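Each chain, letter by letter, is given below.
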Amino acid sequence: MTRLTTPQELEKIRKDIISKRNPDKHCITLCCGSACIASGSEEVGAGIEVEIENQGLIDEVEIRKTGCHGFCERGPIIVNHPDKTSYLHIKPEDVSEIVSQAVNGKKIIDRLLYTDPETDEKIIHESEIPFYKHQKRLVFGSNGSIDPKSINDYLAINGYSAVSKVLSGMTPEDVLDEVKKSELRGRGGGGFPAGIKWEGTRNAEEEIKYVIVNADEGDPGAYMDRALLEGNPHSVLEGLIIGAYAIGSHEGYIYVRQEYPLAVENINLAIRQAEEYGLLGKNILGSGFDFFVKVHQGAGAFVCGESTALMTALEGRVGEPRPKYVRSNIKGLWDKPSVLNNVETWANVPLIINKGADWYTQIGTESSKGTKIFSLVGKITNTGLVEVPMGMTLRDIIYKIGGGIPEGKKFKAVQTGGPSGGCIPGDQLDLPVGFDELTQAGSMMGSGGMIVMDEDTCMVDVARYFINFLTDESCGKCVPCREGLRQMNKILTNITEGKGKEGDIELLEVLSETAAEASLCALGKSAPNPFMSTLQYFRDEYEAHIKDKKCPSLYCKEMINYYIDPEKCNACMICFKKCPVNAIDGEKKKIHIIDQEKCTNCGTCFEVCPERFDAVKKLSGEPLPSPVPEEERMITR
Amino acid sequence: MNEILLQIDGKEITAGEGQTVLEAAQGAGISIPTLCHHEKLVPYGGCRLCIVEAGSGNSSKLVVSCVYPVERNLVVKTHSEKIDRIRKTILELFLAHAPNSAELQRMAQEYGADKNRFEKEASFCIHCGLCVRYCAEVKKLNAVGFIDRGIRKEISFIPEIASKECHDCMECFPLCPTSWLQAAFVLTEGLAFSADSLQDPSKE
């Protein structure tokens, strides 16, 4: 690679790359994000390579291994270019057909297409699948078309043009003004206006300033930052360079969790490639601006996603938060002014520079501009990553994009904002997503986790689960978080085990106030949210657990009993044979009975009882019907 | 040093730039409860007992006075219903670990804290970090440190250092608000510092 010394050279090399590419050549893009790799896309990819060779199609067909497309539920995913046929759930045995189909575009493989669940129609193109159709994939969209390991792929889609534009024609103040005008808010949790944060650092008197990418994504079920860093690392890097230029920083850090090996690999490779082209390092594109980036791998502490803990860890000390009374954009890493933004925030920056703040502010709501990537998981038909304009309603995200709740179950709540977020109930599904809207509903945007829950989910157990997670992840420095969460976890566990007492709710409220008001960092301050929001909307479930010893969702294991309905039991012996503790008494033609003394509530009988009999029931908070007298147990019907 | 004028509990106070609200209050004879604070140590902000209300104009927020720097015209309140309620809860959380600590009991009485409010916890240590920070910052020895994280966090002596340094020092002992440290030390001494375990294997 030659080092580029002017913006003109960048444009020349871009032209060269594009001109060498044949737009009519068949290109099979295969999703190789972590989720698809887990579903077997590496085997599929290897198979495609072999097939291309075996079928003698090296000159006609190429394969491109891309980052995450988002529709993880249906991975591995293939999109054939140029006709854009989209195939889902690919298995190695489909590969040969896909390769031969690629050169003969008209022969479409029906069985691998998406089937619309409502109309039963087959959908050929990715853009017409409801999951994609209702999204606005500005930040995430390129993931599906470029190889993240190739800087040339990024250059071919106009990559680094924003850096070039900034360095050749904008002053740092111009850049700052544009970002401020765009009203971009931090995508990592707090939603702080990025431009204002940058301005504080720019105006700080210190000579040395830092820019940092927070890629320590740790929310259970959330993986949008991983997908961006794995699938389009140069876009994050480009945003970071622009930010560094705007604030006058010459050194940047990318703090990425070690549990994301592919993201670590791809961002390191991207940095090397950018350095070789002279897009990083000394005198970038001949502008006189120097900027260097290093990757730091986090050792696996959730709390290090908190900005001050992250900086402390970067300094080589124990990753514990420090007081933020002087903001880190004034006194941050090594006490120097430091701008820390999350992966997605940085990836928005090139977009804003290229298309302008006026264009950007047309998208979104009054107080939340642009798009947001959500990780849509839980009891939802289409699990995956979705990017939508701010202001789309939860209902549209869950039903139009997510395809609703599987197995005909009823929606109960959606948990947004990660473990410290809150649960939003069904009557608020028309809430538009935005930073302030979600906060007002008792939850938060967080980094974009969205966990959908159906009627079988116990909300007290949800609170217990998240408080337990946070108890485990508390750094232990301050008391309201460490000790407060420990006690909250105990009380919530007791409630879900049927040992709740009068006064528990009040005690949880006191602990919540203490943690929210007196904790050192955002982890502790927001930790009571899972309890507070479930109490706000599902207080009846708490009361049922405590007063009636009943789990209304029939979920809490310690609070339910399994019971075989004698009217429905066909004495088929299936549950009798499957019970791991031999708690079921019965024989052929003799109605089965569960010995409650022996039963461990494992639920096997409930699962194995044939649907046509539906004889095993879960009961909670009500007495068990007395067993059928021995003489009436023989089935004569 | 520039002088900064602020108000604590209605009293006009002059403090030096860079001082904390706690230092300013103490300088003016206003008492704010503390537990993890020590004048020789860098403020830690761990126990949160010194929480106060601070603000200017119409807005005020709860801040921790041992780490909050004084500001011009800051108005500080060291007591309110909410502040006292939070302090009481914090003390009750501590008492779950060390119900018999004299220092905690004295404060518990002041704030009406109930030592039986929360389920008892096995460890006496309340993680104030005084021993750890004193050893590191004042003695510069690091013979005692924290291990693990969150609710599994514990203090632990590093045998290689402790066996050489601790016998002649023991300055951390009287700092401990729950007297757990002595127990830990004695136990560690008993288990780890025995003559056998300290023998250099290369000399055997």
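The structure displayed is predicted, hence computed values, not measured ones. (Residues numbered from 1 in each chain as written. Chains lettered and ligands numbered in written order. Predicted model: local features only at pLDDT ≥ 70, side-chain atom pairs only at ≥ 80, totals over all residues. Heavy atoms only, no water.)

## Regarding the overall build of chain A
- When you go through chain A residue by residue, the secondary structure sums to 24 helices and 19 strands.
- For chain A, the C-alpha radius of gyration of 28 Å lies close to 26 Å, the compact-globule estimate for 637 residues.
- Here chain A holds 637 residues, and 59% of them are scored as buried.
- Look at the contacts in chain A between residues 6 or more apart in sequence, and 71% of them connect residues 24 or more apart.
- As displayed, chain A offers around 25300 Å² of accessible surface, 48% of which is attributable to carbon and sulfur atoms.
- Once the 73 positive and 93 negative side-chain charges of chain A are each reduced to a mean point, those two points are 1 Å apart. (Helix = DSSP H or I, 4+ residues; strand = E, 2+ residues; numbered from the N terminus. Rg over C-alpha atoms; globule rule 2.2 N^0.38 Å. Buried < 20%, exposed > 50% of the residue type's maximum accessible area, 1.4 Å probe, protein only. Contact = heavy atoms within 4.5 Å. Areas by Shrake-Rupley, 256 points an atom, 1.4 Å probe, with all protein chains shown as cover. Lys, Arg positive; Asp, Glu negative; His and termini not counted. Charge placed at Lys NZ, Arg CZ, Asp CG, Glu CD.)

## A short note on the overall build of chain B
- When helices and strands are counted, chain B shows six helices and seven strands.
- Ordering the α and β elements of chain B from the N terminus gives β-β-α-β-β-β-α-α-α-β-β-α-α.
- Contacts in chain B between residues at least 24 apart in sequence constitute 51% of all its contacts with a sequence separation of at least 6.
- Accessible area of chain B: about 10300 Å², with a carbon and sulfur share of 50%.

## A look at the pattern of salt bridges
All names here are of chain A.
- Per the counting criterion, the structure on display carries 48 salt bridges over all chains.
- Of the charged contacts in the structure, one is a salt bridge between Arg482 and Glu483, with a shortest N-O distance of 2.8 Å. Across the pair, exposure class does not vary: Arg482 and Glu483 are buried alike.
- Among the salt bridges present, the one from Glu483 reaches Arg486, with a minimum N-O distance of 3.0 Å. (Salt bridge = Lys/Arg side-chain N within 4 Å of Asp/Glu carboxyl O.)

## Things to note about the domain arrangement of chain A
- Domain assignment breaks chain A into domain 1 (21–125), domain 2 (159–360), domain 3 (371–454), domain 4 (459–547) and domain 5 (560–632).
- Inter-centroid distance (C-alpha atoms) of domain 1 of chain A to domain 4 of chain A is 47 Å. (Domains from an automatic or database assignment.)

## Quick notes on the domain arrangement of chain B
All names here are of chain B.
- Partitioning chain B into structural domains gives domain 1 (3–79) and domain 2 (130–198).
- Each side of the interface is counted separately: domain 1 has eight residues, and domain 2 has nine residues.
- Here domain 1 meets domain 2 over a buried area of about 750 Å², counting both sides, of which 63% is carbon and sulfur.
- The tally of links between domain 1 and domain 2 comes to zero salt bridges.
- In this structure, the connection of domain 1 to domain 2 is made through three residue pairs in polar contact (both at pLDDT 80 or more). (Buried area = accessible area lost by both parts, 1.4 Å probe. Polar contact = N/O pair within 3.5 Å; in protein donor to acceptor, adjacent residues only side chain to side chain.)

## Notes on the pairing of strand E3 (residues 51–56) of chain B
All names here are of chain B.
- The buried fraction of E3 is high, at five of six residues.
- Examined bridge by bridge, E3 and strand E4 (residues 59–64) share six bridges and lie antiparallel to one another. Within E4, the residue paired with Gly55 across the bridge is Ser60.
- What sits between E3 and E4 in their antiparallel hairpin is a turn of two residues, with Gly57 showing a positive phi close to 65°.
- Bridge count between E3 and strand E5 (residues 75–77): three bridges; the pairing is antiparallel. Note on E5: the bridge partner recorded for Gly55 is Val75. (Pairing = 2+ DSSP bridges.)

## Digging into helix H18 (residues 459–473) of chain A
Residue and element names in this part refer to chain A.
- Between the first and last C-alpha of H18 there are 21 Å, a value that for 15 residues agrees with the 21 Å anticipated at 1.5 Å per step.
- Of all 15 residues that make up H18, twelve are buried, and the element is covered over most of its length.
- Of the positions making up H18, those classed as buried are Met459, Val460, Asp461, Val462, Ala463, Arg464, Phe466, Ile467, Phe469, Leu470, Thr471 and Glu473.
- As for H18, its buried residues are in contact with strand E13 (411–416), strand E14 (422–425), strand E15 (449–454), helix H19 (479–496), helix H21 (522–526) and helix H22 (529–547). (Expected span 1.5 Å × (residues − 1).)

## What about the side chain of Glu473 of chain A?
- Here Glu473 of chain A is to be found in helix H18.
- Note on Glu473 of chain A: relative accessible area 14%, which makes it buried.
- At 3.2 Å, the side chain of Glu473 of chain A and the backbone nitrogen of Phe302 of chain A are in polar contact.
- Here Arg149 of chain B takes part through its side chain, which lies 3.0 Å from a polar atom of the side chain of Glu473 of chain A.
- Residues contacting Glu473 of chain A, with those up to four places away along its chain left out, are Ala301, Phe302, Val303 and Leu523 of chain A together with Arg149 of chain B.

## What to know about the side chain of Glu387 of chain A
Residue and element names in this part refer to chain A.
- Mapping Glu387 onto the fold places it in strand E12 (residues 384–389).
- Among buried Asp, Glu, Lys and Arg side chains, Glu387 stands out as unpaired, with Arg137 the closest opposite charge at 6.1 Å.
- Within the structure, the side chain of Glu387 is placed 2.8 Å from the backbone nitrogen of Val139, a separation counted as a polar contact.
- Glu387 has contacts with Gln135, Lys136, Arg137, Leu138, Val139, Phe140, Gly141, Thr371, Lys372 and Ile373, leaving out every residue within four places of it along the chain.

## Digging into the sheet that holds strand E7 (residues 210–215) of chain A
Residue and element names in this part refer to chain A.
- Taking strand neighbours across the sheet as the criterion, the four strands line up as E9-E8-E7-E10 in an open arrangement whose pairing is parallel. Two strands close off the open sheet at either side, each with one partner strand: strand E9 (292–298) and strand E10 (338–342). Between one strand and the next, the sheet's axes are offset by a mean angle of 20°, whatever the strand orientation.
- Of the strand pairs in this sheet, E7 and strand E8 (residues 251–257) are connected by six bridges, and their pairing is parallel. Looking at E8, one finds that Asn214 is bridged to Tyr255.
- Of the strands in this sheet, E7, E8, E9 and E10 are in contact with helix H11 (residues 233–247), which crosses E7 at around 150°. (Axes fitted to C-alpha atoms, helices over the stretch in contact; angles between N-to-C directions.)

## Things to note about the interface of chain A and chain B
- Opposite the 31 residues of chain A that make contact, chain B presents 33 residues.
- Across the chain A to chain B interface the summed buried area is about 2900 Å²; carbon plus sulfur atoms make up 56%.
- Among the salt bridges present, the one from Arg85 of chain B reaches Glu513 of chain A, with a minimum N-O distance of 2.5 Å.
- Taken together, chain A and chain B are joined by 18 residue pairs in polar contact (both at pLDDT 80 or more).
- Contributing elements (two or more residues each) for the side of chain A that touches chain B: H18, H19 and helix H20 (504–518) of chain A.
- Of the residues that constitute the side of chain A that touches chain B, the class distribution is twelve nonpolar, nine polar and ten charged. (Nonpolar A, V, L, I, M, F, W, Y, C, P; charged D, E, K, R; others polar.)

## Points about the sheet that holds E12 of chain A
Residue and element names in this part refer to chain A.
- Judged by pairing direction, the sheet is mixed, and its five strands sit side by side in the order E12-E11-E15-E13-E14 without closing on themselves. Each having just a single partner strand, E12 and E14 make up the two edges of the open sheet. Across this sheet, the average inter-strand angle for adjacent strands is 30°, counted without regard to direction.
- Sheet analysis places E13 next to E14, joined by four bridges and oriented antiparallel. Bridge assignment links Val414 to a residue of E14, and that residue is Ile424.

## Points about the packing of helix H9 (residues 194–203) of chain A against H11 of chain A
Residues and elements named next belong to chain A.
- Where H9 contacts H11, the axes come no closer than 8 Å and their chain directions differ by 45°. Here H11 runs oblique to H9, going by the angle between their axes. Contact residues: Trp198, Thr201 and Arg202 in H9; Gly243, Tyr245, Ala246 and Ile247 in H11. (Parallel < 35°, antiparallel > 145°, perpendicular 65-115°, else oblique.)

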